[in-house]
Amino acid sequence: MASTNGYLGVTPPISTQESSEREKEVSITLMDELRRQGTFESEEEARLREIVLGRLAALVRRFVKQVSLDHGLSETAAEATGGKIFTFGSYRLGVHGPGSDIDTLCVVPKHVSREDFFEVFEKMLRDAEGVTEVSGVPEAFVPIIKIKVSGIPIDLLMARLALSSIPDDLSLRDDNLLRNLDERCIRSLNGSRVTDEILRLVPNVAVFRDSLRCVKLWAQRRAIYSNVNGFLGGVAWAMLVARICQLYPNAIAGAIVSRFFIIMYQWTWPQPVLLKQIEDGPLNVRVWNPKLYPADRSHRMPIITPAYPSMCATHNVTASTQMIITEEFKKGADIVDKVIVGSASWSELFAKHDFFHKYRYYLQVIASTGSQDLQIKWAGTVESRIRQLVMKLEYVDSLTLAHPFIKGFEQVSYCLSEEEVRAVAQGEISEAIKKRKIEDIEGKEGASTVWSTTFYIGLAIEPKQPGTVGPRKLDISYPTTEFVKLVKMWEKFDETKMGIVVRHIKSSALPDIVFDEGERQPRSTLKRPKPSKTSGKTNGTSPDMPKNKKRRSSFTSESTSAATAVPDMIKPSENNYLATSTSTQVASINPPGLAIKDPANIKSPQLPFGENVAVATNPATA
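My aim in this report is to walk through the structure given alongside it, one point at a time. Since the structure is predicted, the reported quantities are computational estimates derived from the model, not experimental observations. Positions within a chain are numbered from 1, following the residues in the order the chain's sequence is written. Local features in this predicted model are restricted to residues whose pLDDT is 70 or higher, and side-chain atom pairs enter the listing and the counts only when it is 80 or higher, whereas totals over whole chains, interfaces and linings include all residues. Note that the side-chain values use all heavy atoms of the structure and ignore hydrogens as well as water.

Observations regarding the nonpolar core
Burial of nonpolar side chains together is a common tendency in soluble globular proteins. Counting 83 residues, the largest nonpolar core has F208, W218, W237, F260 and F329 as its most contacted members. For F208, the residues in contact, after removing those within four places along its chain, are L93, I198, L199, V202, A238, V241, A242 and C245. Each nonpolar core is a collection of buried residues, namely Ala, Val, Leu, Ile, Met, Phe, Trp, Tyr and Cys, held together in the definition by side-chain atoms within 4.5 Å. Note on classification: 1.4 Å probe, protein chains only; a residue is buried when its accessible area is under 20% of the maximum for its type, exposed when over 50%, partly exposed between these limits. The criterion used for residue contact is that any of the two residues' heavy atoms lie within 4.5 Å.

Here it is as structure tokens:
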């Protein structure tokens, strides 16, 4: 689908030249490396996915027919009402890997309600052969049923169209299909419509897929693949790669990947990335427009979806995550440049992140409950608000960066006493608890199980200025306390069932669970300054720590307020049990990794001679 000017996209291409022989060579080695990295599924799994989707399509038609009969339609009329599934996301884009889920949209006629989807259809799924782990979340922003069919994970969304029947040849491209739909249906349809539009807007789908598969693996390995935590999600990465494909319509994967890193590093944010001009449509709904909406002007790295109504896929990006992504673009550009000249291999691009080696201080955010099902919802709620904590931390003096990790670490602990429960909720899981199994607590009085999920934020602290004397104070009590208040505002929060703790730890105190086997470096012995005469002998506990042992539920922590600091960060407390405090003293450090750098001292990666990035980054014309 070319524009009226004869090209895809909002600007002319940077180059229409075909790739060089060297770029063709590195494209071959790139695909070899992607196969070695296990990014392609087997033919057997591909066939299984097709069989599973066929079964699911038949089940959706049976569901619609059943609801139609319940509404009094005749057998013939009910059979004709149809029902259809559409895939989207990585599977529809053709870049899914082994074991990845299939994003699936169920499209139903107007007489089938959302309640039917979560009552009638969910029950049919539970009763269907080969279907396991059925979990409906009707209250989600985009209501969803998660299932596994023959071991294949599937996320099911639903959209009810204003049609009496769903024809087999239905296409979702027509904007008028969105008329008279509620917002949840429009959001559910958006994923499929955006995915299909991306595929229509790239000059060569095969090159796009190979390039995106590379970029997706790189982003996952570098821990910057997560929309919820303020990085970029799958659709945003797809749109970035698609834009580079538009700018180099005759290039192959190796050349696209090379240009991707250089152009994205040099992109003049907040200039938006657009695959086509933003269009108006038939609905009275909000379309991304920074001239009209102040919230849209605040987007730091706007990447705009091409299907109506256009939205920003990257509104979660913060100052810190933008800095991290930009730094990774530069690192990626440097590695690929070396690959092109033959002094590096593609495997170096996919090296694992160094998040847990990068910072000296981290925040732990620990969400805990005594129920597996409740933990999924509680941990998801806490994770969805981590970005708000990061944004508040960015305003703290002396903090140059707050770096959220892209996933939480889940643990199940079998506790024999209330004291063990309290310790686990605080992040203190002893070796004895780690080794314990469920059979070790069965039938024992006072024993209970705690499910916990721990999230991490790396803290980069600005170097100590010359001439300053003594330890500095880092006050993070306000952002952490506000964060705890925020998560407790969840309408289903129950302090007798849910624990939330935020605490400050040194890198040496990171638990083994965050490292791969053999990854952790031997812990070095750090010199610690002697305590001052006024400090007295202390066990490191805060005066605000609860001293009573009033029995509460076995899975909540009494210290659900933010554990923001210890009186002496240089000499951690013996148990690292942290209660609310007003300040933290930190040793002078020059944090490795992402310290703020003078742009004048950074050598910017450059496009090959004759290619001008300004062609792509100049504001698009209407």
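Having seen the model, we can carry on.
A short note on the environment of L34
Structurally, L34 is set in helix 1 (residues 21–36). Since its relative accessible area comes to 0%, L34 is described here as buried. Those residues in contact with L34 that sit more than four places away from it in its chain are T39, F40, D210, R213, C214, L217 and F350. Helix numbering and strand numbering both begin at the N terminus, where a helix is a DSSP run of H or I of at least 4 residues and a strand a DSSP run of E of at least 2.

So, the packing of helix 2 (residues 43–70) against helix 5 (residues 114–127)
A fitted line through C-alpha atoms represents every axis, and for helices the fit uses only the stretch in contact; the resulting angles, taken between N-to-C directions, go from 0 to 180 degrees. Put simply, helix 2 and helix 5 touch, their axes get as near as 10 Å, and they point 130° apart. Between helix 2 and helix 5, the interaxial angle falls into the category oblique. The element helix 2 and its partner helix 5 pack so that their crossing is right-handed. Note on element contacts: helix 5 touches helix 2 through D116, F117, V120, F121, M124 and L125, opposite L56, L59, V60, R62, F63 and V67. Orientation categories follow fixed angle ranges, with anything under 35 degrees roughly parallel, anything over 145 roughly antiparallel, 65 to 115 roughly perpendicular, and all other angles oblique. Put simply, a crossing is left-handed when the front helix is turned counterclockwise from the back one by less than a right angle, and right-handed when it is turned clockwise.

Quick word on the side chain of T104
Mapped onto the secondary structure, T104 falls in strand 2 (residues 102–108). Whenever a nitrogen or oxygen atom comes within 3.5 Å of another N or O atom, the pair is scored as a polar contact, on the condition that within protein one atom can donate a hydrogen and the other can accept it, and that pairs from neighbouring residues in sequence are kept only if both atoms are in side chains. From its side chain, T104 meets the backbone oxygen of I102 in a polar contact 3.4 Å long.

Digging into the sheet that holds strand 4 (residues 144–149)
Overall, mixed pairing links the five strands, which are arranged 1-2-5-4-3 in an open sheet. With one partner strand each, in any of the chains shown, strand 1 (84–88) and strand 3 (131–137) form the two edges of the open sheet. Across this sheet, the average inter-strand angle for adjacent strands is 25°, counted without regard to direction. Pairing between two strands is assigned when DSSP locates at least 2 bridges connecting them. Note that strand 4 and strand 5 (residues 152–160) share five bridges and pair antiparallel. Residue pairing in the sheet places K148 in a bridge with P153 of strand 5.

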